Amino acid sequence: MAQAAPANVFDASSSQIQVEHDRKRRQFVIRLNGSHDRAVLLYEYVGKKTVDLQHTEVPDAYRGRGIAKHLAKAAMDFVVEEDLKAHLTCWYIQKYVKENPQPQYFEHIYQ
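Worth saying up front: this structure is predicted, and the values here are computed from it rather than measured.

Colleague: So, the nonpolar core: which residues are in play, and what are the values?
Modeller: Phe28, Leu53, Met76, Leu88 and Ile93 are the most contacted members of the largest nonpolar core, which totals 30 residues. For this core, the secondary structure elements donating two or more residues are strand E2 (27–32), strand E3 (37–47), strand E4 (50–57), helix H1 (67–81), strand E5 (85–88) and helix H2 (91–99). If you tally residues by element for this core, the top one is H1, at 9 residues. Once residues lying within four places of it in the same chain are set aside, the contact partners of Leu88 are Leu53, Met76, Ile93, Gln94, Val97 and Ile109.

Colleague: Provide a residue-level description of the sheet that holds strand E1 (residues 19–22), including the pertinent values.
Modeller: Overall, mixed pairing links the 5 strands, which are arranged E1-E2-E3-E4-E5 in an open sheet. A strand with exactly one partner marks an edge of an open sheet, and here the two such strands are E1 and E5. Across this sheet, the average inter-strand angle for adjacent strands is 25°, counted without regard to direction. Across 6 bridges, the pairing between E2 and E3 is antiparallel. Its bridge partner lying in E3, Val29 is registered against Val40.

Colleague: Please provide a residue-by-residue account of the packing of H1 against H2, values included.
Modeller: Relative to each other, H1 and H2 sit at 80°, their axes nearing to 10 Å. Considering the angle they form, H1 stands roughly perpendicular to H2. Contacts from Ala68, Lys69, Ala72, Lys73 and Met76 of H1 reach H2 at Tyr92, Ile93, Tyr96 and Val97. Tallied by class, residues from the contact of H1 with H2 come to 7 nonpolar, no polar and 2 charged.

Colleague: Describe the packing of aromatic side chains, with residues and values.
Modeller: Overall, the coordinates contain 6 aromatic pairs when judged by the stated rule. With 6.3 Å between their ring centres and 40° between their planes, Tyr96 and Tyr105 make a pair best called tilted. No difference in accessibility class separates Tyr96 from Tyr105, as the two residues are buried. Put simply, the rings of Phe28, Tyr43, Tyr45 and Phe78 touch in pairs and so form one group of aromatic residues.

Colleague: Can you break down unusual backbone geometry residue by residue, with the values?
Modeller: Positive phi is not limited to glycine here, since Arg26 has a value of about 55°. Within the secondary structure, Arg26 is located in the loop between E1 and E2. Unusually for a residue other than glycine, Asp83 sits at a positive phi of about 55°. Looking at where Asp83 falls in the secondary structure, it is placed in the loop between H1 and E5.

Colleague: Can you lay out the side chain of Thr50 for me, pointing to particular residues and giving the numbers?
Modeller: When you line up the elements, Thr50 lands in strand E4. Given the relative accessible area of 12%, Thr50 is considered buried. Ignoring sequence-local partners within four residues, the contact set of Thr50 consists of Glu44, Tyr45, Lys85, His87 and Tyr110.

Cut-offs used in this document
All residue numbers refer to position in the chain's written sequence, counted from 1. Selection of residues for local features in this predicted model requires a pLDDT of at least 70, selection of side-chain atom pairs for listing and counting requires 80 or more, and totals for whole chains, interfaces and linings are taken over all residues. The basis for every side-chain value is the complete set of heavy atoms in the structure, and neither hydrogens nor water enter the calculation. What is meant by a nonpolar core is a set of buried Ala, Val, Leu, Ile, Met, Phe, Trp, Tyr and Cys residues, joined one to another through side-chain atoms within 4.5 Å. Throughout, exposure labels follow a simple rule: accessible area from a 1.4 Å probe, protein chains only, divided by the maximum for the residue type, with under 20% read as buried, over 50% as exposed, and the rest as partly exposed. The secondary structure listing takes helices from DSSP runs of H or I that are at least 4 residues long and strands from runs of E that are at least 2 residues long, numbered from the N terminus. Any two residues having at least one pair of non-hydrogen atoms within 4.5 Å are treated as being in contact. Strands are labelled as partners when DSSP assigns at least two bridges between them. Helix axes are fitted only over the stretch in contact, all axes being lines through C-alpha atoms; the angle between N-to-C directions runs from 0 to 180 degrees. Small angles under 35 degrees read as roughly parallel and large ones over 145 as roughly antiparallel, with 65 to 115 read as roughly perpendicular and the rest as oblique. Classes in brief: Ala, Val, Leu, Ile, Met, Phe, Trp, Tyr, Cys and Pro nonpolar; Asp, Glu, Lys and Arg charged; the others, Gly included, polar. By convention, a stacked pair of Phe, Tyr or Trp rings (six-membered ring in the case of Trp) has centres within 6.5 Å and planes under 30 degrees apart, an edge-to-face pair has planes over 60 apart, and any other such pair is tilted.

Next up, the structure:
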């Protein structure tokens, strides 16, 4: 007989991860465990074509599973697609860009 999986089991490598972009609230969101828990990346416009990627937060129970990486990729892809410049205030975004050195990212980052 199969046992039910614990409620906080979440496979970040799964293709079912969906990052939502809430432009009004200026955040990227991944809903975890239905919609109860959320991982978020917050940004703010600091000019007409400049954003500050400020903060990434993943609930403690979901840390270390690669969830923040999905948020970081979505945010950097947004910066590139919208032809924006980005300040990387968030330490995690800085780490992500360093570990995923994409030329198109570097063209859009204030050094």
